[in-house]
Amino acid sequence: MEKLERERNLHIRELKRIHNEDNSRFNHHPVLNDRYLLLSLLGKGGFSEVHKGFDLQEQRYVACKIHQLNKEWKDDKKANYIKHALREYNIHKKLEQARIVRLFDVFEIDNNSFCTVLEYCDGNDLDFYLKQNKSIPEKEARSIIVQTVSALRYLNQINPPVIHYDLKPGNILLGTGSVSGEIKITDFGLSKIMDNDSYNPDNGMDLTSQGAGTYWYLPPECFVVGKDPPKISSKVDVWSVGVIFYQCLFGKKPFGHNLSQAAILEENTILKATEVQFPQKPPTTNEAKAFIRRCLKYKKEERPDVLCLAEDDYLKPPAMKGKRQFEDFLPKKSQEA
Ligand code: AMP
């Protein structure tokens, strides 16, 4: 039954893809910007479609994300969308790390559409993988988390640091081969730059886009409403890591699993998420559960930030446990000293 269900999911996804490709303006293999030959549609999001393309200049495959503005939109809505997309582009283009999807290029197609050119990632995203396989053995799930945290550490070591803010299985792309082989995170559409104007290291930064993001993966502080806007920090991403790891291990989300986004808001599900419960099965190490509890600390003051999480013993290779990661890079002498 499970095998048939997986085949059915794949088949439905392919039918949708073909339907979307048939309806795409770009299904006749055009060359965009004298450089990118479009080959096939990969997928469709809200206001965009992603095509596999071939970069004729660099001679490599790329993913061309075409952002389509609706002609019916009023000018201010169009302007707002472009502002948002340019912000994403400006954040994303500066990021260069093995665990982050590269953004190579952006160009205008016409008045109502433009294209971002991304590193091409073969393989599925973690969301689809979990749909097909329900859960992932702890060893491999831990490897996905180690790689995700490595990307987050990079985002917090650059200046100014960046909060991803929309970390979820759909934004973690898996390589081909083994599930945990080589993951990359993507979609910086909601990310926040912690620059001097908006960020206070003791306090965090104001939450400007409340209601954005995917509720199952956002921490309680993102749901606090009132006169005093909640302060957010990289601890938002730490919470998301805990939820994603839990979902990989147990095949369900820790809070609001069967609820819609609207129901989560209505029932204050995440504001009530004071304690995480673990199913009996599959058997999971106490270290993994303790790690998840640290990520899902209700009070952000008690939750580690990303740099702290990156030093967590659970994520280190066995020989490194108890040591600080950066000792690796010190010359031998100063280590002895
Ligand atoms: P998005 O609108 O970003 O969710 O992308 C829609 C679909 O396009 C995804 O589900 C993926 O199948 C595909 N996709 C997005 N980015 C890439 C990429 N960099 N490489 C390969 N496929 C991608």
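Cut-offs used in this document
- Residues numbered from 1 in each chain as written.
- Predicted model: local features only at pLDDT ≥ 70, side-chain atom pairs only at ≥ 80, totals over all residues.
- Heavy atoms only, no water.
- Near = heavy atom within 4 Å.
- Polar contact = N/O pair within 3.5 Å; in protein donor to acceptor, adjacent residues only side chain to side chain.
- Areas by Shrake-Rupley, 256 points an atom, 1.4 Å probe, with all protein chains shown as cover.
- Helix = DSSP H or I, 4+ residues; strand = E, 2+ residues; numbered from the N terminus.
- Nonpolar A, V, L, I, M, F, W, Y, C, P; charged D, E, K, R; others polar.
- UniProt positions renumbered as here; feature names shortened; annotations may be inferred.
- Buried < 20%, exposed > 50% of the residue type's maximum accessible area, 1.4 Å probe, protein only.
- Contact = heavy atoms within 4.5 Å.
- Core = buried A, V, L, I, M, F, W, Y, C linked by side-chain atoms within 4.5 Å.
- Phe/Tyr/Trp six-rings, centres within 6.5 Å; stacked < 30°, edge-to-face > 60°.
- Lys NZ or Arg CZ within 6 Å of the ring centre and 35° of its normal.

## As for the site of the ligand
1) Next: The ligand sits among 13 residues. The nearest are Leu42, Val50, Lys65, Glu119 and Cys121.
2) Next: Between Lys65 and the ligand, the recorded distance is 3.0 Å, taken from a side-chain N or O atom to an oxygen atom.
3) Next: The separation between a nitrogen atom of the ligand and a polar main-chain atom of Cys121 is 2.9 Å.
4) Next: Notes on the ligand: free accessible area 480 Å², of which the protein chains cover 76%.
5) Next: Contributing elements (two or more residues each) for the shell around the ligand: strand S2 (36-44), strand S3 (48-55), strand S4 (60-68) and strand S6 (113-119).
6) Next: Looking at the shell around the ligand, its residues break down into seven nonpolar, three polar and three charged.

## A word on the UniProt feature "binding site: ATP" (unreviewed entry) in the chain
1) Next: Mapped onto this numbering, the UniProt entry gives "binding site: ATP" (unreviewed entry) at Lys65.
2) Next: For Lys65, the position within the fold is in strand S4.
3) Next: Since its relative accessible area comes to 18%, Lys65 is described here as buried.
4) Next: Those residues in contact with Lys65, other than ones at most four positions away along the chain, are Ser48, Glu49, Val50, Phe114, Cys115, Thr116 and Leu118.

## Observations concerning the nonpolar core
1) Next: Formed by 59 residues in total, the largest nonpolar core has its most connected members in Leu126, Leu155, Ile185, Val241, Phe245 and Phe291.
2) Next: With 11 residues, the single largest contributor to this core is helix H5 (residues 235-250).
3) Next: Of all hydrophobic cores here, the second largest spans 10 residues; its members include Phe26, Leu38, Cys64 and Val117.

## Some points on the packing of aromatic side chains
1) Next: For the coordinates displayed, the defined rule picks out 11 aromatic pairs.
2) Next: Relative to Phe255, the ring of Trp239 lies with its centre 5.7 Å away and its plane at 25 degrees, an arrangement referred to as stacked. A residue pair is termed long-range when its members are at least 10 positions apart, and Trp239 in helix H5 and Phe255 in the loop between H5 and helix H6 (261-266) qualify at 16 residues.
3) Next: What makes Trp239 buried here is its relative accessible area of 0%.
4) Next: With a relative accessible area of 8%, Phe255 lands in the buried category.
5) Next: Residues Tyr246 and Phe250 carry aromatic rings whose centres are separated by 4.8 Å and whose planes lie at 55 degrees to one another, so their mutual orientation is tilted. Here Tyr246 and its partner Phe250 are both found in helix H5, four residues apart, which amounts to about one turn of the helix. For the residue pair Tyr246 and Phe250, the accessibility class agrees, reading buried in each case.
6) Next: Through successive ring pairs, a cluster of aromatic residues spans Phe54, Tyr61 and Tyr120.
7) Next: Over the aromatic face of Phe104 sits the side chain of Arg60, whose NZ or CZ is 3.8 Å from the ring centroid.

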